[in-house]
Structure formats: structure tokens, C-alpha cells
Amino acid sequence: MDFTFTEEQLAAAEAARGVFAGVAPDAVPSPALTTGAVAEGFDRELWDRLAGADLLSLLLGEEYGGAGLDAIALCLVLRESAKVLARVPLLEHSAALSAVQTYGAAELRDRLAARAGRGELVLTVAASGRTGHDPAELAVTARRDDDSWVLDGVQTAVPWVYDADLVVVPARTEADRSVLALVAPGGEGIAVAEQVSTSGERFGELRLESARVAGRDVVTAEGAWEWLRELLATGTCALALGVGERVLRLTADYAGKREQFGYPIATFQAVAVQAADRYIDLRAMEATLWQAAWRIASGAAGALPAAGDVAVAKIWAAEGVRRVVQTAQHLHGGFGADTEYVLHRYHAWAKQIELALGGAGVYEEALGDLLAAHPLG
């Protein structure tokens, strides 16, 4: 394995920093200052800038106007987006689009890929299951009916569902296989009930009651959902790393200026030790993230399936980002809770990311199952 980034990957990260340079985190709508959702929809102006910089089509092949890059490049861009709390469905859209390109039929790719890569279509994924704690593919059933599929079930906490043109919904067939159905919110048999995330974003519960989906809009290839789920989880780890890095920087800047007893608190041993522990958390989050992204991008074999590396990365990301923001709040004292200061926004986002697609406990259990099935000898 080689964690040296390619020139193309670094260029994607540089382009992302240029786009996100205009985003002010302290101007991001705060859930502490808003009743209900912080906004009706995501940041469309920023979305258009991402499209203009070709960052929505990173994973697409050149035949669809994309850069043909991989999961590592996407994670580099997601890391930058999280540092500024970018309110766009970059992860969900990119992952869904990549799954369509990798596993979808040629007709589906030709119909959606280029338009979605230009940001003209917005995609999201229903990946939280019925409760947020159960497998998403078991929350919806799919049965074949002539040239269509009929879906029944509920998916909770679907991000950006009110803004999406299509939602990728994993479902289980009568043959106990997973398929991916692309459904349009508001279609017949499809209803959305508003939910508000911890970060204040407008999510939705997607209810499917005998919702009919054309066969051409269903991805039936083996392994499509599993691959998409792993990419989503790895991208979530990249978001956690970006939030954690920016929060530790905020804490270091504050501790270097805040004085007690005539000295900056950063010079106190107890403060330095806590900050050092959080730095170690971030480096572990980073190493496990790139391991997981590399496994997905390269398809390389390992002692465990790629899902094992994804589980390790998600465990570190969930626990690490929580520890980073908790320590930051502690070292900032009362100032950390001041709603005129940006830290409380990062805290809300960190909690949302920690639990997204399942907390650390979910992935510890999954890792245990993989170790049982693939003994290391």
C-alpha cells in the first residue's frame, strides 16, 4: 500500500480548497439559534461552484465529462468540505452517481451520469434503515411485477431528500438479494415526512407504499449496495476528519491566546496532554481512513474484506471526532458554548457525523462478525 497522493488527487483537493475558501463557517446557520430546520434546502450557490470546478463529477469517467478519479480523491475533497461545514450533498450525490456508473445498466448511465455530473440532477441515498440502527437494505422490500418493481417500507433520516431529484433506495428482494431503486420523492406511493438532523439540516422519513419503479431505474447487479454502503461510510470518515482537524486548530489557537495566571493556557501540562491525545486521535482517524479508501479504490485483497477496513475507520472516526469536540469544549470553557462563536456549530456537526450510518458500536459488531468469518492466522 502507498498513501502518497497522486498529482490528480492533490489537484482535486486544491480545487476544493479554492471553492470552499469563500465559505464562512461562522455564517453557517446554527441549530442552536433556529427552531426546526436551519434552512429550506442546501447551499445552491456553493453547489453551482462545485459543479463549475468539476468536483461533482470527480468519480465519473471521461465519457461522461468526469475526471475518472477514485474514492481517495473524493475523500480529500470531503475532508476540505467538512472543515468549513459546507451545506451540500456532496457525499451522497457523488457516491450514488459512482454506484450508478459502476453497477448500473448502460441506458441508466447514459441517461443520468452526465447531467448529475454537471449538478443538473441531485442524487441522495436512503442508507439509515427504518430506525437508523438496522440494516438499510432490510427496511424496504422489492418485488418484481412485469417490467417494474414494487417497493414497500420506510427509510428514516434521508439527507437532502427535499432537494433531491432522485433517491437511491436499497431494498431486499424475495430471493434475498439487494437491489438499488432510484425513486423520485413525491411520486405515486412515495411520501416524505420532515425530520431535523442534529446539525439542523432538513432530513426526511421516506415512506414507500406499493411504490412502482420502472425496471430501467433499478440496479440489480450483485454487490452494488455493499459497495455503495462502504463508500458512504468511508466518506463519512473523511467528513469526521475534516471537522476534527478544524476543531483542534480552533482549540490550539484559543489555548495559545487565552491566559490564566499570566500565562497562555497552552503552556499548562494538563492542557497540552489533552490536546496531544486528540492529535493522536486525528492521526489514527487519518491512517484508517486512507486504508479504507485505498481498499475501495484499488480493490486490493487483504486479510479481511474491504468492509473490515471500513469498519475500523468508522470506529475511529465516530469515537475520535466525539473526543475531539468534547475536549475542545472543555478547553474553551464557557466560551465554547457561546452561540456567537463557531465551535458549537462544529460540535453539532460532529455529533451528526458520529452517528451517521451507525455509531462505533454498530461497526464494532460488524468487525467482530468479519473476524469470526475470516480468522486471522
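Above this text you will find the structure in question.
Residues numbered from 1 in each chain as written. Predicted model: local features only at pLDDT ≥ 70, side-chain atom pairs only at ≥ 80, totals over all residues. Heavy atoms only, no water.

### A few points about the overall build of the protein chain
- If you tally the helices and strands in the protein chain, you get ten helices and ten strands.
- Taken along its principal axes, the extent of the C-alpha atoms in the protein chain is 80 × 55 × 40 Å.
- Taken over 377 residues, the protein chain has a buried fraction of 54%.
- Intrachain contacts of the protein chain at a sequence separation of at least 6 include 74% that bridge at least 24 residues.
- Between the averaged position of the 32 positive side-chain charges in the protein chain and that of its 51 negative side-chain charges there is a distance of 3 Å. (Helix = DSSP H or I, 4+ residues; strand = E, 2+ residues; numbered from the N terminus. Buried < 20%, exposed > 50% of the residue type's maximum accessible area, 1.4 Å probe, protein only. Contact = heavy atoms within 4.5 Å. Lys, Arg positive; Asp, Glu negative; His and termini not counted. Charge placed at Lys NZ, Arg CZ, Asp CG, Glu CD.)

### So, the packing of helix α3 (residues 71–83) against helix α4 (residues 90–103)
- The contact between α3 and α4 brings their axes to 11 Å, and the two run at 165 degrees. Considering their axes alone, α3 and α4 lie roughly antiparallel with respect to each other. Taken as a pair, α3 and α4 cross one another with a handedness that is right-handed. Mapping the contact onto sequence places Leu 74, Val 77, Leu 78 and Ser 81 in α3 and Leu 90, Leu 91 and Ser 94 in α4.
- Among the residues making up the contact of α3 with α4, the classes are represented as five nonpolar, two polar and no charged. (Axes fitted to C-alpha atoms, helices over the stretch in contact; angles between N-to-C directions. Parallel < 35°, antiparallel > 145°, perpendicular 65-115°, else oblique. Left-handed = near helix turned anticlockwise from the far one by under 90°. Nonpolar A, V, L, I, M, F, W, Y, C, P; charged D, E, K, R; others polar.)

### Overview of the environment of Ala 27
- Looking at the element boundaries, Ala 27 is found in the loop between α1 (7–20) and α2 (44–52).
- Given the relative accessible area of 57%, Ala 27 is considered exposed.
- Each C-alpha atom of the pair Ala 27 and Gly 242 lies 18 Å from the other, and the pair is 215 residues apart in sequence.

### Structural notes on α1
- With 14 residues, α1 should cover 20 Å at 1.5 Å per step; its first-to-last C-alpha distance of 20 Å lies within 8% of that length.
- Taken together, the buried positions of α1 are Gln 9, Ala 12, Ala 13, Ala 16, Val 19 and Phe 20. Along the axis of α1, the buried positions cluster into a sector of 120 degrees, meaning they face one direction only. Turned more than 90 degrees away from the buried face of α1 sit Glu 7 and Gly 18, all of them exposed.
- Where α1 is buried, its residues meet α2, α3 and α4. (Expected span 1.5 Å × (residues − 1). Arc of directions from axis to C-beta.)

### Digging into the packing of helix α8 (residues 306–332) against helix α9 (residues 343–355)
- It is at 9 Å that the axes of α8 and α9 come closest, and there the two elements cross at 160 degrees. By the angle between their axes, α8 is roughly antiparallel relative to α9. Remark: the crossing between α8 and α9 carries left-handed chirality. Facing α8, whose interface residues are Lys 314, Ala 318, Val 321, Arg 322, Val 325, Ala 328, Gln 329 and His 332, α9 presents Leu 343, His 344, Tyr 346, His 347, Ala 350, Lys 351, Ile 353 and Glu 354.
- Here the contact of α8 with α9 is composed, by residue class, of eight nonpolar, four polar and four charged.

### Focus: the pairing of strand β5 (residues 178–183)
- Of all six residues that make up β5, six are buried, and the element is covered over most of its length.
- Residues Ser 178, Leu 180 and Leu 182 point to one face of β5 and Val 179, Ala 181 and Val 183 to the other, with burial holding for every one of them.
- Taken together, the six bridges between strand β4 (residues 166–173) and β5 define a ladder with antiparallel strand orientation. Residue Pro 170 lies in a different strand from β5, and its bridge partner there is Leu 180.
- Count of turn residues in the β4/β5 antiparallel hairpin: four residues, of which Asp 176 carries a positive phi of about 65 degrees.
- The pairing of β5 with strand β8 (residues 218–219) spans two bridges and is antiparallel. Within the sheet, the bridge partner assigned to Leu 180 lies in β8 and is Val 219. (Pairing = 2+ DSSP bridges.)

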